[in-house]
There are 2 protein chains.
Amino acid sequence: MSALASASHLERIERLPGHRVVLAEDAPLRLVSGAELSPITVAYQTYGTLNAEKSNAVLVCHALTGDQFAAGVHPVTGKAGWWSLMVGPGRVLDTDRFFVVCANVLGGCMGTTGPADVNPASGEPWGLDFPVVTVADMVEAQRLLLDRLGIDKLLAVIGGSMGGMQVLEWAAKHPERVRAAIALATASHHTAQNIAFHEIGRQAIMADPDWEGGAYFRSGRKPRRGLAVARMTAHVTYLSEPALHRKFGRKLQDRARLSYGFDADFQVESYLRYQGKSFVDRFDANAYLYITRAMDYFDLAADYGGRLAAAFADSPVRFCVASFTSDWLFPTSEAKRIVQALNAAAADVSFVEIDTDKGHDAFLLAEPELHATLHGFLSAECERLGLATAPLALLDPEEIGQTEDRVT
Amino acid sequence: MSALASASHLERIERLPGHRVVLAEDAPLRLVSGAELSPITVAYQTYGTLNAEKSNAVLVCHALTGDQFAAGVHPVTGKAGWWSLMVGPGRVLDTDRFFVVCANVLGGCMGTTGPADVNPASGEPWGLDFPVVTVADMVEAQRLLLDRLGIDKLLAVIGGSMGGMQVLEWAAKHPERVRAAIALATASHHTAQNIAFHEIGRQAIMADPDWEGGAYFRSGRKPRRGLAVARMTAHVTYLSEPALHRKFGRKLQDRARLSYGFDADFQVESYLRYQGKSFVDRFDANAYLYITRAMDYFDLAADYGGRLAAAFADSPVRFCVASFTSDWLFPTSEAKRIVQALNAAAADVSFVEIDTDKGHDAFLLAEPELHATLHGFLSAECERLGLATAPLALLDPEEIGQTEDRVT
């Protein structure tokens, strides 16, 4: 962890590296809820160089607890960016050829406007006065950013989990601005089980007296225990049972025998406690509430009279959809629902189910088959546009610092 | 809920119907941890009549949050006992023919000695001074009870989930006292994922300031919010994704549209909140810690040099093992591990995997194939012993009051 881990939210934001741009100053951003925000700030990172034709831009959409620091060293955790395996020279998102843009989502806590920022009307942090945002609102903020950057059309938009929801939203609402859409480990709506796990996390946060109805900025305390429990719950859903068995099984933590107490006897307990505790140093509890809510609310078909295929009618976008065999949070059945809708809309779609035991987190990890598939898909798009292609570099995940410990 | 729901623990225990017996007065109960308890109280219920030969006794072992009130009206919740579909006239455990015994487990909170009871050494409730108990300790307390009741040999021992763990323990440690062992939706050890979900629940309880290091009896407050989150987490693991989809999908609760807030917009949220809140009226938070710990510690093979088959060497017991296709908490692969060990030990075993979407909770619910299988298995045992058999009555789960809402 860096010194930023212990800084207050506003101190941290001021000191974060990278770009911040103020948008929606003249015309407010009208949210799906009907509320309006003006202005908004969007914090983003770029990797690589935009070409003269502005035809090599790839928008990376992050997941629930990700942020704009997809590659490089994360300024708060000091670890590799969450998609360092995907973004870099010779990688799938080859920064020698592509201009990669990754923005913190609306409602987030790494510099883009969210509940920890100051409400101009009150002069103190928004807390629960911040309006509920949706995946569509996140995409709208990204669209304003691309307008400001002068990027009319993306070579590709790509993301996993909630990032994949943004990808689907982009393709549905702005098909003229997207050539290729790559949706990984995602779904066109949040299921009852998905909502249930998020609700547990929210209830854990709200049960923490230090949450104070969302106004914890007043006391200076944070709902650390509640947020840690929320993180632990989510974390288990990101892993598969076989991966947990392979990594931990019933192995004991720093002891030869059971303690007959409530310490972390088992490695899996110690691991989860660590995941919970370290998360609270980099994430805002209210932002966790808002972003999980945005995911719960996501139901793309509902915007199209309940027909998902209608979201993709006459779409010129080329789609790539990938799922992972051991992902029980966003299972292959949900990916197939997307693919069936795309087929029903006669859209151009490639679908791959990757055989892995790594669960939902597989999209973040070293999955050679996934990387080869995406590389092939993007190379075809480059050839179509007359952009250069290049072979995929061989990577050492250990060297990049992205191994099986979840990095977002 | 009855008036008992709001009574203090000790008041409630005093007023509970049914039997309580004091055991281990002369010789203390030596626990697996090495700690000793003396005396212990065991609270139990019986259904049906013990025959003159004492050959018709069936021991029912309850799961994590179950108790001795398997049938009849539960004195605290006012609802049907947790296994009313299984225990009663004409049912699988036919109370016209069998003498059914069900005891609250050691470490529980419904009358058997547990952390909410008074520690004789201090004169105040045990709290975290209560020794950690194991599944083997629970079985040992049941053995003392059967000794007191003069039952040398059980016709059958039966249970699901943690109840199934007790069944396996009984068969392994006391094969001479069990004719038939029926283990449902269970495993011979707790997996890393099982431990992880329990640890989340424990951390939620311990994160609640009202838990006060387990000494909440001093303030009179209870860690209600933490225990509710623990229950919500566990509850989701008891259901399958298809069942959640079928019951709730994305249906809204008492509203026509999304609220764009953090109320329970979705029925599944409302349902979980209710499950969490109602649980704290009938269950003790420290007992939840102790019983989840007992399950985590369960690893039958570890007591036999790591060879599960050795636990069943030369066993005269007839086994019936059942799993449910949609049970992801105790999946069929775990049941098969038990069956393989029994086969390796040349034990007599029937195995059935029931096709259902009801998840882990299926063992509590109306599953005609399960009931028919168990009825056939028990009838064969009765014929072998010259006990009467009877057809299985047709049941209306609605009438019995046991539908898909989890009853334990």
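Along each chain, residues carry numbers from 1 onward, in the same order as the chain's sequence is written. Written order determines the labels here, with chains lettered from A and ligands numbered from 1. Note on the predicted model: pLDDT of at least 70 is required for a residue's local features to be given, and 80 or more for side-chain atom pairs to be given and counted; whole-chain, interface and lining totals, by contrast, use all residues.

Details of the overall build of chain A
Helix and strand assignments come from DSSP, with helices taken as H or I runs of at least 4 residues and strands as E runs of at least 2, each series counted from the N terminus. What chain A contains, in helices and strands, is eleven helices and twelve strands. Note that the radius of gyration is over C-alpha atoms, with the globule rule given as 2.2 Å times the number of residues to the power 0.38. In terms of overall size, chain A behaves like a compact globule, its C-alpha atoms giving a radius of gyration of 21 Å where 408 residues would be expected to give roughly 22 Å. When its C-alpha atoms are laid out on the principal axes, chain A stretches across 65 × 55 × 40 Å. For chain A, with 408 residues in total, the buried portion stands at 57%. By sequence separation, contacts in chain A at least 24 residues apart represent 71% of the contacts at least 6 residues apart. Neighbour counting defines burial: a residue surrounded by 20 or more other C-beta atoms within 10 Å of its own C-beta is buried, one with 12 or fewer is exposed, and intermediate counts give partly exposed, using backbone-placed C-beta atoms. Note on contacts: each residue gets a C-beta atom placed from the backbone, and two residues are in contact if those atoms are within 7 Å.

Here we look at the relation of the copies chain A and chain B
Each copy of the sequence occupies a distinct position, and chain A is placed on chain B by a rotation of 180° and an axial shift of 0.0 Å, giving an RMSD of 0.0 Å. These values place the two chain copies in the arrangement generated by a two-fold rotation axis. Here 100% of the contact residues of chain A are again contact residues in chain B; the copies associate through an equivalent surface. C-alpha atoms of residues with pLDDT of at least 70 in both copies form the basis for the least-squares superposition of the copies.

A word on the interface of chain A and chain B
Each side of the interface is counted separately: chain A has 41 residues, and chain B has 41 residues. Every element with two or more residues in the side of chain A that touches chain B is listed here: α4 (192–207), α5 (224–238), α6 (241–247), α7 (267–279) and α8 (285–297) of chain A. The biggest single contributor to the side of chain A that touches chain B is α4(A), with eleven residues. Grouping the amino acids of the side of chain A that touches chain B by side-chain chemistry returns 22 nonpolar, ten polar and nine charged. Residues are grouped as follows: Ala, Val, Leu, Ile, Met, Phe, Trp, Tyr, Cys and Pro are nonpolar; Asp, Glu, Lys and Arg are charged; all remaining types, including Gly, are polar.

Focus: unusual backbone geometry
Only a minority of non-glycine residues have a phi that is not negative, and only a minority of peptide bonds are not trans. Residues and elements named next belong to chain A. Cis geometry is found at the peptide bond from Ser38 to Pro39, where omega equals -10°. One can find Pro39 in the loop between β3 (36–37) and β4 (40–47). Despite not being glycine, Ala24 shows a phi value in the positive range, around 55°. As for its position among the elements, Ala24 is in the loop between β1 (19–23) and β2 (29–30). Within the chain, Glu212 stands out as a residue other than glycine whose phi angle is a positive 50°. What makes Glu212 partly exposed here is the crowd of 15 C-beta atoms within 10 Å.

Looking at the environment of Thr191(A)
Positionally, Thr191(A) belongs in the loop between β10 (178–184) and α4. For the pair Thr191(A) and Phe298(A), spaced 107 residues apart in the sequence, the C-alpha separation amounts to 9.6 Å. The contacts of Thr191(A), once residues within four sequence positions are left out, are Glu241(B) and His245(B).

Considering the sheet that holds strand β8 (residues 99–103) of chain B
Residues and elements named next belong to chain B. DSSP calls a pair of strands paired once it identifies at least 2 bridges connecting them. Strand order in the open sheet formed by eight strands is β1-β4-β8-β5-β9-β10-β11-β12, and the pairing between neighbours is mixed. In this open sheet, the two strands that pair with only one neighbour each are β1 (19–23) and β12 (348–354). Averaged over neighbouring strand pairs, the angle between their axes works out to 20° when direction is ignored. Every axis corresponds to a line fitted to the C-alpha atoms, with the helix fit spanning only the stretch in contact, and the corresponding angles, defined between N-to-C directions, vary from 0 to 180 degrees. Contacts between helix α3 (residues 162–173) and the sheet are confined to β5 (57–61), β9 (154–160), β10 (178–184) and β11 (318–324), with β10 contributing the most and set at about 150° to the helix.

Observations regarding the sheet that holds β4(A)
Residue and element names in this part refer to chain A. With mixed pairing, the eight strands of this open sheet are ordered in space as β1-β4-β8-β5-β9-β10-β11-β12. Of all the strands in the sheet, the pair left with one neighbour each is β1 and β12 (348–354). This sheet shows a mean twist of 20° between the axes of neighbouring strands, independent of strand direction. As judged from the four bridges shared by strand β5 (residues 57–61) and strand β9 (residues 154–160), these two strands associate in the parallel manner.

Considerations on the environment of Leu370(B)
Residue and element names in this part refer to chain B. Relative to the assigned elements, Leu370 resides in helix α10 (residues 368–385). Leu370 sits 164 residues away from Met206 along the chain, and the two C-alpha atoms are 38 Å apart. Excluding its chain neighbours within four sequence positions, the residues that come into contact with Leu370 are Ala322 and Ile354.

Brief notes about α3(B)
All names here are of chain B. Expected span, for any helix, means 1.5 Å times one less than how many residues it has. Over its twelve residues, α3 runs 16 Å from end to end, which matches the ideal 16 Å to within 8%, given 1.5 Å per residue. With eleven of twelve residues buried, α3 lies mostly within the body of the structure. All of the buried residues in α3 are Met162, Gly163, Gly164, Met165, Gln166, Val167, Leu168, Glu169, Trp170, Ala171 and Ala172.

Remarks on the nonpolar core
The tendency in soluble globular proteins is for nonpolar side chains to be buried as a group. With 274 residues, the main nonpolar core has Val60(A) and Val60(B) as its most contacted residues. When near neighbours in sequence (up to four residues on either side) are disregarded, Val60(A) contacts Ala70(A), Trp83(A), Val87(A), Leu93(A), Val100(A), Val101(A), Cys102(A), Ile158(A) and Gly159(A). Put simply, a nonpolar core is a cluster of buried Ala, Val, Leu, Ile, Met, Phe, Trp, Tyr and Cys residues tied together by C-beta atoms within 7 Å.

Describing the packing of α4(A) against helix α5 (residues 224–238) of chain B
The interhelical angle for the contact between α4(A) and α5(B), taken along N-to-C directions, is 170°, at an axis separation of 10 Å. Classified by the angle their axes make, α4(A) and α5(B) are roughly antiparallel. Remark: the crossing between α4(A) and α5(B) carries left-handed chirality. Side by side, α4(A) and α5(B) meet where Gln193(A), Ala196(A), Phe197(A), Ile200(A), Gln203(A), Ala204(A) and Ala207(A) of the first sit next to Arg225(B), Gly226(B), Val229(B), Met232(B), Thr233(B) and Val236(B) of the second. Classifying every residue of the contact of α4(A) with α5(B) gives eight nonpolar, four polar and one charged. Roughly parallel covers angles under 35 degrees, roughly antiparallel covers those over 145, roughly perpendicular covers 65 to 115, and oblique covers all other angles. Throughout, a crossing is termed right-handed when the near helix is turned clockwise from the far one, and left-handed when it is turned anticlockwise from it by less than a right angle.

A few points about helix α8 (residues 285–297) of chain B
Helix length check: α8(B) (13 residues) gives 19 Å between terminal C-alpha atoms against 18 Å at 1.5 Å per residue, within 8%. Buried residues dominate α8(B), accounting for 13 of its 13 residues.

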